[in-house]
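# Architecture and fold: a report
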Amino acid sequence: MSDDNPTLPYPESGGEHETLVIPGERGTLAPPRTRRRKRWPWVLLIVVVVIAALAVAAELLARALLPGIVRGMVVEQLDLPADQQLDVDAAGILLPQLIGGRLDSLHLSTDAVTLEGITGAVDVTATGVPLSGGDLDGAAGTIRIDETQFTALLAGTDLPVDSVAFDAPDATVAGSAKVLGMSVPITLTLTPGVAEGDLELTPVQLTVGGLVVDASQVGSSLGSIGERLTEPQRVCIADQLPAGITLTALTIDGSEAVIDVDVNGAIATDPTLLEKGVCPGR
């Protein structure tokens, strides 16, 4: 009788054979998973770069617009010509200052500007400048004028002034005075400075008719005018400058007189400080 279902022989004990893995059997190793790289650091870096680019663009835009805005305000407040040359520069990073509504420092300069009839180069730095209006924390700077403009400053004094020549640290005033009914040329060398907001002119040498005159002889030859010429002169020029500007120092530098000034912070809000100052007795 034949066997319809023959039995397969057992594998030899020393032979190799495949191990069958039963699905779901405990202890079975799962195939390794592919490890994904984290993307969020790259996304964060891109965001930072974009924000930085926008900040730079905004900073450049602010620096491009601010000078024109400030220049327009200054020209309007001081009633300057529409084509007045004026350079404006703000210190530091502008964006935080604009957000805070206050500029740390604002520098303004011009090679030539005319204020109350006197023309000179002006360089001023204001601090604590409010963008929404209000007083400045303070401002200070210099006004540089030539010999012709310095002559104009002294025109209203008792000094015999026809012209002024600079020879640092002094200035020599040339003019004429009446002596025995005759006009005699006079030159007076002075060291200029500032005292309590006024010009202070300290005589160094007096020449009358080309001769150096001793101070003790001046009174007898020139009378009261001569006595004044040998004493320090206080000259008020407040009526030739805006009331909000005070002189603090004056020196001769080459062919220019350098006048240091202090600016009242309220000049930004008080229109009276933009008007001419007042000299006592005038």
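Residues numbered from 1 in each chain as written. Predicted model: local features only at pLDDT ≥ 70, side-chain atom pairs only at ≥ 80, totals over all residues. Heavy atoms only, no water.

## Things to note about unusual backbone geometry
The step from A168 to P169 runs through a cis peptide bond, and the omega angle for that step is 5°. Tracing the backbone shows P169 in the loop between β5 (163-167) and β6 (170-179). One non-glycine residue, E196, lies in the positive phi region at around 55°. Relative to the helices and strands, E196 resides in the loop between β7 (182-195) and β8 (198-208). (Helix = DSSP H or I, 4+ residues; strand = E, 2+ residues; numbered from the N terminus.)

## Thoughts on the sheet that holds strand β3 (residues 118-130)
A sheet is described by the order of its strands in space; here 6 strands give the open sequence β1-β2-β3-β4-β12-β11, paired in antiparallel fashion. The sheet is open, and its two borders are formed by β1 (87-90) and β11 (245-253), each paired with just one other strand. Here the average twist between neighbouring strands, direction ignored, is 15°. Looking at chain direction, β1 and strand β2 (residues 102-115) are connected through 4 bridges and run antiparallel. Residue V88 lies in a different strand from β2, and its bridge partner there is L108. (Pairing = 2+ DSSP bridges. Axes fitted to C-alpha atoms, helices over the stretch in contact; angles between N-to-C directions.)

## Topic: a nonpolar patch on the surface
Taken together, L61, L65, I69 and M73 make up a surface patch of nonpolar side chains, about 420 Å² in accessible area. With respect to the helices and strands, L65 occurs in helix α1 (residues 40-77). (Patch = residues over 30% accessible without salt bridge, like charges linked within 9 Å, V, L, I, M, F, W, Y side chains within 5 Å. Areas by Shrake-Rupley, 256 points an atom, 1.4 Å probe, with all protein chains shown as cover. Salt bridge = Lys/Arg side-chain N within 4 Å of Asp/Glu carboxyl O.)

## With respect to the state of the cysteines
Taken as a whole and assessed by the stated rule, the structure comprises 1 disulfide. The side chain of C236 participates in a disulfide bridge whose partner is C279; the two sulfur atoms lie 2.1 Å from each other. Judged by the sign of its S-S torsion, about -90°, the bond between C236 and C279 is left-handed. Here C236 is found in the loop between β10 (233-235) and β11, whereas its partner C279 is found in the segment after β12 (256-263), with 43 residues between them in sequence. The two residues C236 and C279 agree in class, both being buried. (Disulfide = S-S within 2.5 Å. Buried < 20%, exposed > 50% of the residue type's maximum accessible area, 1.4 Å probe, protein only.)

## What to know about the layout of surface pockets
Taken as a whole, the largest pocket encloses approximately 1,000 Å³ of empty space. Along its surface, the largest pocket is lined by 42 residues, and V70, V74, L106, L108 and L136 are the ones closest to its centre. At the level of secondary structure, the elements contributing two or more residues to the lining of the largest pocket comprise α1, β2, β3, β4 (138-145) and β12. In terms of residues, the lining of the largest pocket owes the most to one element, α1, which gives 9 residues. Among the residues making up the lining of the largest pocket, the classes are represented as 32 nonpolar, 9 polar and 1 charged. (1 Å grid on protein atoms, 1.4 Å probe; cavity = no way out; pocket = protein on both sides within 12 Å on 5 of 7 lines; lining within 4 Å. Points joined across faces, edges and corners; volume = space filled by probe spheres on them. Nonpolar A, V, L, I, M, F, W, Y, C, P; charged D, E, K, R; others polar.)

## Considerations on the nonpolar core
Judged by nonpolar contacts, the single largest core of 57 residues is most densely connected at L106, I145, F150, L154, V164 and I259. If we ignore the near neighbours within four places in the chain, the residues touching I259 are G141, T142, I143, I145, L153, L247, A249 and L250. (Core = buried A, V, L, I, M, F, W, Y, C linked by side-chain atoms within 4.5 Å. Contact = heavy atoms within 4.5 Å.)

## Regarding the packing of aromatic side chains
Under the counting rule described, the total for this entry stands at 1 aromatic pair. Centre to centre, the rings of F150 and F166 are 5.5 Å apart; their planes meet at 70°, and the pair counts as edge-to-face. Placement of the pair is F150 in helix α3 (residues 147-153) and F166 in strand β5, with a sequence separation of 16 residues. (Phe/Tyr/Trp six-rings, centres within 6.5 Å; stacked < 30°, edge-to-face > 60°.)

## Side note on the confidence of the model for the chain
Of all residues in the chain, 78% attain a pLDDT of 70 or more, and the chain-wide mean is 81. The secondary structure element of the chain with the lowest average pLDDT is helix α4 (residues 215-229), at 61, and the one with the highest is β12, at 95. (pLDDT = per-residue confidence, 0-100.)

## Considering the side chain of D170
Looking at where D170 falls in the secondary structure, it is placed in strand β6. R144 provides the closest opposite charge to the buried, unpaired D170, separated from it by 16 Å. In this structure, D170 is in contact with A165, T189, L190, T191, P192, V204 and I252, ignoring residues within four places of it in sequence. (Lys, Arg positive; Asp, Glu negative; His and termini not counted.)

## Section: the pattern of salt bridges
In the structure shown here, the tally under the stated rule is 6 salt bridges. One salt bridge in this structure joins E256 and R144, with 2.8 Å as the shortest N-O distance. On the criterion of sequence distance, the pair formed by E256 in strand β12 and R144 in strand β4 is long-range, its members being 112 residues apart. Residue R144 is classed as partly exposed on the basis of its relative accessible area, which comes to 27%.

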